[in-house]
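Geometric and topological summary
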Amino acid sequence: MLYLMRVIAMMLRINLIVFILSFTTFIGATSAKANCLMFGENERLSNYCLLESITGKVIDKNTAIIVSQTLMQEGYFGGLKTPATTYNVYPDIAYSNNINGGNPDKPLIVGNLAFEGEPDLVAKEGAVLSLNLRSSARSTYGEGRYVNAFVSGAFFISPKHNLTYTNVKLGICSKNRVTGNIYFDACAVEGTQKKDITKSTDKSVTASVSILSTLDGLGFVEGKIGVTHLATDDYSQNQVFLSLDTIHHKNLYSSLAIKFGEALPEQLAMKRGINLTLSSIFSGRKYSLGLAHEENNGGMLLGVSRSDKTYKASITTNISAATQISAGLTKVESSIDYFNQVYPNISLTHNW
């Protein structure tokens, strides 16, 4: 009898240990799932993070459903049965430093020459209200392979100046898993902006190769290298870029991108640039910090060379489940004083 009681006690201890280990594993999987889904700026990396975090762990039914539905969007588990379409219409209020596409409100001084601008062509600034539309369609055709197309448009109005302008952008991307954690992507995007004085169009074609990996002490990483051909109304330029996106193990997402542009004769164009984004959760709210620096050179104006340096900083957060606010500052330092600028970047967006 004593022996039997000891065996029963031992079995109870073993079951208790198994339960504790399973419960701990489940809690760890749930926590990792939340971390991966919270930082969804990079869809592919977020899904990779999700899969790596739950592999070999006990997960609940809801987590299994979320994982399968999420990965079907990328062609796994049989992919999408029919193309998935989304529509989003939302209002926005923001500050614009140039509503009409005008010129700086100061004399243009180049060397010993001074020019006064036309008063009717001076840039107008102030608050703008906008109505935005975005629609996308996605079709999968293999594991980790899909085509995604989108179109977006925005109609802006300035109550102060009684002016309007529009932005339209459309694009299509082919996302492809080559083998293992190696991917090849190709995208084509075209955008047009129409203002009272100006109209501008830019087109770009981008091809890139990326690899997903898990780095000890760092987190889940996507490293990418690619090339872009950019065509604007004034010039065409080839660019190369490298980026590193990371979902860190401890409540942090980071994205670092560096780009270099082809030198163009007597044309102001991007020489190099760097962008850094950091996102984290504080007191249950997500905050994103963006920092950017870009150098443009090669320009000529009346025989005088021009180069610009642009600095940007912004912070974005949600003040409610559907309302997002962003505030920042842009500074442009030019070798020609006429093009120097400092202005705020402020926007309030509500998603219906």
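All figures in this text were calculated on a predicted structure; none of them were measured in a lab.

1. What to know about the side chain of Thr140
Here Thr140 is to be found in strand β4 (residues 126-142). At 2.9 Å, the side chain of Thr140 forms a polar contact with the backbone nitrogen of Leu80. In contact with Thr140, other than residues within four places in its own chain, are Met72, Gln73, Glu74, Gly75, Gly79, Leu80, Arg145 and Tyr146.

2. Re the packing of aromatic side chains
Inspection of the entire model under this criterion finds 4 aromatic pairs. Ring geometry for Tyr48 versus Phe220: centroids 6.2 Å apart, planes at 80°, classification edge-to-face. Of this pair, Tyr48 sits in helix α2 (residues 43-54) while Phe220 sits in strand β9 (residues 219-231), and the two are 172 residues apart along the sequence. Comparing Tyr48 with Phe220, the two get one shared label, buried. With a centroid separation of 4.4 Å and an interplanar angle of 5°, the aromatic rings of Phe156 and Tyr165 are classed as stacked.

3. Focus: the nonpolar core
One finds Leu45 and Ile247 to be the most contacted residues of the largest nonpolar core, which totals 16 residues. Of all elements in the fold, only α2 and α3 (61-72) reach the threshold of two or more residues within this core. Setting aside anything within four residues of it in sequence, one finds Ile247 in contact with Asn35, Cys36, Phe39, Leu45, Ser46, Cys49, Leu218, Gly219, Phe220, Leu252 and Tyr253. Val128, Ala154, Leu163 and Tyr165 belong to the second largest nonpolar core, which has 7 residues in total.

4. Quick notes on the pairing of strand β13 (residues 285-301)
Relative to β13, strand β12 (residues 269-282) runs antiparallel, the two sharing 13 bridges. Bridge pairing links Leu276 to Leu291 in β13. One ladder, built from 13 bridges, connects β13 with strand β14 (residues 304-318); its direction is antiparallel. What sits directly across from Met300, in β14, is Ser305. The hairpin formed by β13 and β14 contains 2 residues between the paired strands, and Leu302 there has a positive phi angle of roughly 55°.

5. Here we look at the state of the cysteines
Counted under the stated rule, the structure contains 2 disulfides. Here Cys36 engages in a disulfide with Cys49; their sulfurs sit 1.9 Å apart. Across the disulfide from Cys36 to Cys49, rotation about the S-S bond amounts to roughly -70°, and the bridge is consequently left-handed. Taken together, the residues Cys36 in helix α1 (residues 2-38) and Cys49 in helix α2 connect sequence positions 13 residues apart.

Criteria and thresholds
- Residues numbered from 1 in each chain as written.
- Predicted model: local features only at pLDDT ≥ 70, side-chain atom pairs only at ≥ 80, totals over all residues.
- Heavy atoms only, no water.
- Helix = DSSP H or I, 4+ residues; strand = E, 2+ residues; numbered from the N terminus.
- Polar contact = N/O pair within 3.5 Å; in protein donor to acceptor, adjacent residues only side chain to side chain.
- Contact = heavy atoms within 4.5 Å.
- Phe/Tyr/Trp six-rings, centres within 6.5 Å; stacked < 30°, edge-to-face > 60°.
- Buried < 20%, exposed > 50% of the residue type's maximum accessible area, 1.4 Å probe, protein only.
- Core = buried A, V, L, I, M, F, W, Y, C linked by side-chain atoms within 4.5 Å.
- Pairing = 2+ DSSP bridges.
- Disulfide = S-S within 2.5 Å.

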